[in-house]
Amino acid sequence: MEKFKTFKSSSVPLPIEDIDTDQIIPARFLKAITREGFGKNLFRDWRYNENDEMVKDFVLNNNIYSGEILVCGRNFGCGSSREHAAWALADYGFKVIVSSYFADIFKSNALNNGLLPIQVHNETLNEIFQSIENSPKQMFEVNLQKQTLSNNQTLNFKFEIDPYKKECLINGYDDIDYLQSIIEDIELFEKNQITY
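Since the model is a prediction, treat every value here as computed from it, not as a measurement.

J.: Is there a simple way to think about the packing of helix α3 (residues 84–92) against helix α4 (residues 104–112) in this case?
T.: When two helices pack together, their arrangement is captured by the angle between the axes and the distance separating the axes. For the pair α3 and α4, interaxial distance at closest approach is 8 Å and the crossing angle is 50°. The orientation of α3 with respect to α4, classified from their angle, is oblique. As α3 packs across α4, the resulting crossing turns out to be right-handed. Mapping the contact onto sequence places A85, A86 and L89 in α3 and F106, N109 and A110 in α4.

Next up, the structure:
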């Protein structure tokens, strides 16, 4: 995985609640076994109509909005546990998803694939949506080290993250990479174990 670095980006607002993994990446597109290429079908049934024509008023098709931060309504990633949902979001180019609640399995899949889910209070989420509506091109800064999300104006929020997952994201580790990074500690521990 890529190391997660502090970055600035504009954002894409999707104020819909209960977005499930089948809406994120419909089941008919789950045929591939590698992570690449899923981004083109992200939110496929919302981005395109039944004639495969672009839906002009869907936010991903709106030139006003762009960026590596997706801001969504409550309960994002509910439904089936498909890891492809995280793959599709990352392949499209998102690095951060902001919501007031994430389904547990989606949150885990996101973190395991280098995608940072930032959970904020409902009131905070509403403030972020309002801020984007007022200034669609504004830049947000995501600082994982400090665990902050801020803009150039008045918003500055702290977020929580599991310390282990934070270390993995900052170093670009998956679970195996992390174990390899502490192999000397593991070997020393094994060597010092008492055998009977």
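J.: What should I look at first to understand the side chain of N113 in this one?
T.: Mapped onto the secondary structure, N113 falls in the loop between α4 and β5 (116–119). A distance of 3.2 Å separates a polar atom in the side chain of N113 from a polar atom in the side chain of W87. For N113, the residues in contact, after removing those within four places along its chain, are M1, R35, E83, A86 and W87.

J.: Before we go on, may I ask you to explain the pattern of salt bridges in this structure?
T.: For the coordinates displayed, the defined rule picks out five salt bridges. Salt-bridge contacts for D22 lead to R82; the nearest nitrogen and oxygen are separated by 3.0 Å. Placement of the pair is D22 in helix α1 (residues 21–24) and R82 in the loop between β3 (69–72) and α3, with a sequence separation of 60 residues. Residue D22 is classed as partly exposed on the basis of its relative accessible area of 34%. With a shortest N-O distance of 3.4 Å, K95 and E68 are connected by a salt bridge. With a gap of 27 residues between them, K95 in the loop between α3 and β4 (96–99) and E68 in the loop between α2 (44–47) and β3 connect regions that are remote in the sequence.

The rules we used
- Residues numbered from 1 in each chain as written.
- Predicted model: local features only at pLDDT ≥ 70, side-chain atom pairs only at ≥ 80, totals over all residues.
- Heavy atoms only, no water.
- Axes fitted to C-alpha atoms, helices over the stretch in contact; angles between N-to-C directions.
- Helix = DSSP H or I, 4+ residues; strand = E, 2+ residues; numbered from the N terminus.
- Parallel < 35°, antiparallel > 145°, perpendicular 65-115°, else oblique.
- Left-handed = near helix turned anticlockwise from the far one by under 90°.
- Contact = heavy atoms within 4.5 Å.
- Polar contact = N/O pair within 3.5 Å; in protein donor to acceptor, adjacent residues only side chain to side chain.
- Salt bridge = Lys/Arg side-chain N within 4 Å of Asp/Glu carboxyl O.
- Buried < 20%, exposed > 50% of the residue type's maximum accessible area, 1.4 Å probe, protein only.

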